[in-house]
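Examination of the molecular architecture
Below, each chain spelled out in residue letters.
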Amino acid sequence: MSAETVEKAIEKKPAEALLSKRRKKLISDPLVDDNPITIQVLGICSALAVTTQMKPTLVMAISVIFVIVMSNLTISLLRNTIPTRVRIIVQLAVVATLVTLVSEVLRAFAYDMYKELSVFVGLIITNCIVMGRLEAFALGNKPYDSILDGFGSALGYAWIILAVAFFRELLGSGAVFGIPIYEYVSGLFGPDFKLATNGLMVSPVGAFIILGLIIWVQRTKTGYVEH
C-alpha cells in the first residue's frame, strides 16, 4: 500500500460546524414546521391551564426549557450505559430530579409563583414533549445535538403558550404582565370610552379558541395537512 493511500485512509473528516445547516434545523424546525403543540399536538394541558396570565406562563416556559435541555443533555451523556429495559425509568428519574430542582428554586425565591404553579410544574414530569425528545432523540445522539434539539422543542412550546397567554390576558383581563392596557387606551379617548373585557378568555374555552386560531393560521401558512 502506497504512502498516499495510507494518508487517505487515516484522513479525518472535518468537524461539523457548531451551527451547521443541519444543527440550525434542530432549533428552527420545532418553532413552526414541526411545532410540538400545533403540529405534534403535545403539551396541550399546560397550554390551556397556565396561560391565563403572562407572568406564570413565562415562568412555566423557562422551567420547561431548562428541564428539556438538561434532561436531553443528561440522557445523551448516559445513552451508552442505560439498559434498554429500564430506559423509561431512568428518563423519568432524570426529569423528576430536574423538576424537583425547579420547584425548590421557585419555592425559595418566588414563593407566590410557586404556589400558583406548583401543581403544573410537577406535571412537567409527564409532559409528552420532554419524554418524547428523550426517547426519540437524546438516546441516539451526541450531547451537543441533544441540547440543540431540546432547546428548539422547548422554544417551540414556549412561544405558543406565551402567545396564548398574551391574547387571553389582554382580552380577558385587559392587561399584559399586569399592566392595565385597556385602562390606558380608554383614558386616551375620554371618560365615556371604555373597552370591555371578555370573560370567556379567562376560562379554558378561551384557551381552546385562541390555540385553535393559532393552529389554523400556522397550518394555513405552512400548508400542513393532518393525515
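The structure this text deals with has already been given above.
What this report covers is the structure whose coordinates are included nearby. (Residues numbered from 1 in each chain as written. Predicted model: local features only at pLDDT ≥ 70, side-chain atom pairs only at ≥ 80, totals over all residues. Heavy atoms only, no water.)

1. With respect to the nonpolar core
Applicable threshold: For our purposes a nonpolar core is just a set of buried Ala, Val, Leu, Ile, Met, Phe, Trp, Tyr and Cys residues, chained together by side-chain atoms within 4.5 Å. Categorising residues by exposure relies on relative accessible area from a 1.4 Å probe, with only protein chains included: less than 20% of the type maximum marks a residue as buried, more than 50% marks it as exposed, and the intermediate range marks it as partly exposed. Note on conventions: DSSP H or I runs of at least 4 residues are helices, E runs of at least 2 residues are strands, and numbering of each starts at the N terminus. Residue contacts follow a heavy-atom distance rule, with two residues in contact if any of their heavy atoms lie within 4.5 Å.
Val67, Val121 and Ile124 are the most contacted members of the largest nonpolar core, which has 41 residues in total. Those elements that place two or more of their residues in this core are helix 3 (44–49), helix 4 (54–78), helix 5 (87–109), helix 6 (111–122), helix 7 (128–136), helix 8 (143–173) and helix 10 (204–222). The greatest single-element share of this core, amounting to eight residues, is contributed by helix 4. Setting aside chain neighbours within four positions, we find Ile124 in contact with Met60, Ser63, Val64, Val67, Val95, Val99 and Val130. Counting five residues, the second largest nonpolar core, distinct from the first, contains Met54, Leu170, Val176 and Tyr182.

2. What to know about helix 6
Here is the rule we go by: Arc, as used here, means the arc of the directions from the helix axis to the C-beta atoms.
If you check which residues of helix 6 are buried, you get Met113, Tyr114, Leu117 and Val121. Down the axis of helix 6, the buried set is contained in an arc of 110°. They therefore lie on one face. Residues of helix 6 that are exposed and angled more than 90 degrees away from the buried face: Asp112, Lys115 and Val119. Where helix 6 is buried, its residues contact helix 4 and helix 5.

Function cannot be inferred from these measures alone, as they are strictly geometric.
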